[in-house]
Amino acid sequence: MKTIRLKAGKERSLLRRHPWVFDGAIDRGRADPGETVRVESADGRFLAWGAYAPSSKIRVRVWSFDEAERIDAAFFERRLRAAVALRERLAIDSDGVRLVHGESDGLPGLVVDRYGDVLVAQFGSSGAERHKAWIADALLRVTGLSRLYERSDASVRQLEGLPPVTGWLRGDGPTECVIRENGWRLSLDVAEGHKTGYYLDQRDSRRDCAELTRRFGFGEVLNCYSYTGGFTVAALAGGARHVTSIDSSGPALQRARRNVALNGFDAARCTFLDADVNASLRAFWAAGRRFHAIVLDPPKLAPSAAHLERAARAYKDVNRLGFKLLEPGGVLFTYSCSGAVGVELFQKIVASAAHEAGVEATLLARHGGAPDHPTGLAFPEGEYLKGLVAWRRP
Ligand code: SAH
């Protein structure tokens, strides 16, 4: 077993149970990609078992803080069983569920979503990659399912020096699935969609969007960055007269159309725009279009802390336009999935966007990732998704 010795004082974050060791914290020791290493303090005390990643700034990701624990096939099965058991206890009312949420489930770099009877996994770290076969076999045993698709094509793989890999890892068959969410039916394709196929983290936000649309009686709804139309279906289910959906991905919009039809809604209640959100919002403003509810769910605008300033400006621009297009008494559902943008900062950005738009707004609710996307208490980086539901005072 290889040992990684930390520099003096660099053991503190591990003692607080944060699961990462950065390259700069290491005094000596190295290992192969994904190899399990023993991490110890400068004075030789055991700190953790972790997976070594020679080319990543996050040089070690912790598997366990328990010296007696062995990182073997049984370890992965125990962790997976615990993760799946948590989701069962949470009684998520959907058959589209995130079963494993990386570090927060004690499995750094591993993401597993379940869509009906299809499992989709992302192996995003050298450690998860190295133990792929153990993890795949244990996943089938723990869930009782037989089909597992691999979507290891996220950009984080590059930081770990791993090539993109996609395809059936266990079993095979069609890659299209239909899940049930909040009483709606939503189709997706695990091979072609973004991430693992769908954004399960916004499940509860979509439910609340449907609910508020109903309570406020919103007529005209605008869904920006609509992807496959999750919020579009939500607004229609909430009784919206008409929903405009904007996305720059043609295939995503095609599927959004299918999802509207799948739920029996009249296509005449919808407009789909294959366009840039910013440009569309400016055009709506110029044309005098206004909406009762607007959803802004952009992709990650701040990939890291280094991009923070530019991202903050981008968030403010789009939110300012959103507020300007909102009818008095209307509601803005606005989100950021950038881990580098904290809750407080996001609220500041949205508040100044409202101010610049000349709008008085009140916070009705905060949104976050659905409960099957838990956050490790000592791992604030896991809390990437935050949302504000802001009401424009009449
Ligand atoms: N709200 C969606 C998820 C949004 S993901 C849901 O509930 O499922 C972000 C989406 O933004 C992606 O579909 C991507 O294609 C789209 N996108 C990225 N940049 C864009 C831009 N400049 N204009 C319009 N859409 C964009």
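Residues numbered from 1 in each chain as written. Predicted model: local features only at pLDDT ≥ 70, side-chain atom pairs only at ≥ 80, totals over all residues. Heavy atoms only, no water.

Colleague: How would you sum up the pairing of strand S20 (residues 386-392)? Please name residues and give values.
Modeller: Of all seven residues in S20, six are buried; the element is thus mostly enclosed. Relative to S20, strand S18 (residues 326-336) is paired through six bridges, and the arrangement is antiparallel. What sits directly across from Tyr335, in S20, is Gly387. Note that strand S19 (residues 361-368) and S20 share seven bridges and pair antiparallel. Across the sheet, the residue bridging to Gly368 is Lys386, located in S20. (Buried < 20%, exposed > 50% of the residue type's maximum accessible area, 1.4 Å probe, protein only. Helix = DSSP H or I, 4+ residues; strand = E, 2+ residues; numbered from the N terminus. Pairing = 2+ DSSP bridges.)

Colleague: Lay out the site of the ligand in plain terms, naming residues and giving numbers.
Modeller: Around the ligand lies a shell of 15 residues, among which Arg206, Asp247, Asp276, Val277 and Asp297 are the nearest. Taking Val277, its main chain carries an N or O atom lying 3.0 Å from a nitrogen atom of the ligand. Here the ligand, which alone exposes 580 Å², has 87% of that area covered by the protein. Grouping the constituent residues of the shell around the ligand by class yields seven nonpolar, four polar and four charged. (Near = heavy atom within 4 Å. Polar contact = N/O pair within 3.5 Å; in protein donor to acceptor, adjacent residues only side chain to side chain. Areas by Shrake-Rupley, 256 points an atom, 1.4 Å probe, with all protein chains shown as cover. Nonpolar A, V, L, I, M, F, W, Y, C, P; charged D, E, K, R; others polar.)

Colleague: Lay out the sheet that holds S19 with the relevant residues and their values.
Modeller: Within the open sheet, the seven strands sit side by side as S16-S15-S14-S17-S18-S20-S19. Their pairing is mixed. Edge positions in the sheet fall to strand S16 (270-274) and S19, since each of these pairs with one other strand and no more. Averaged over all pairs of adjacent strands, the angle between their axes in this sheet comes to 15°, without regard to strand direction. Seen against the sheet, helix H7 (residues 230-237) touches strand S14 (220-224), strand S15 (242-247), S16, strand S17 (291-296) and S18 and runs at an angle of roughly 175° to S15. The strands touched by helix H11 (residues 343-357) are S18, S19 and S20; relative to S20, the strand with the most contacts, the crossing angle is about 25°. (Axes fitted to C-alpha atoms, helices over the stretch in contact; angles between N-to-C directions. Contact = heavy atoms within 4.5 Å.)

Colleague: Could you give an account of the packing of helix H9 (residues 277-287) against helix H10 (residues 308-324), with specific residues and numbers?
Modeller: Contact geometry of H9 with H10 gives a least axis separation of 10 Å together with a crossing angle of 30°. Taken together, H9 and H10 sit at an angle that is classed as roughly parallel. Between H9 and H10 lies a crossing of left-handed hand. The segment H9 lies against H10, with Val277, Asn278, Leu281, Arg282 and Trp285 engaging Val318, Leu321, Gly322 and Lys324. Taken together, the residues of the contact of H9 with H10 sort by class into five nonpolar, two polar and two charged. (Parallel < 35°, antiparallel > 145°, perpendicular 65-115°, else oblique. Left-handed = near helix turned anticlockwise from the far one by under 90°.)

Colleague: Mind laying out the domain arrangement of the chain, listing which residues take part and the relevant values?
Modeller: Its domain assignment divides the chain into domain 1 (2-64), domain 2 (73-179) and domain 3 (199-392). Put simply, the middle of domain 2 and the middle of domain 3, counted by C-alpha atoms, are 28 Å apart. Each side of the interface is counted separately: domain 2 has 17 residues, and domain 3 has 14 residues. Each partner contributes to the roughly 1100 Å² buried at the junction of domain 2 and domain 3, and carbon and sulfur atoms together form 63% of this total. When the buried surface of domain 2 facing domain 3 is broken down by residue, Arg98, His101 and Ser104 rank first, second and third, together holding 38% of it. (Domains from an automatic or database assignment. Buried area = accessible area lost by both parts, 1.4 Å probe.)

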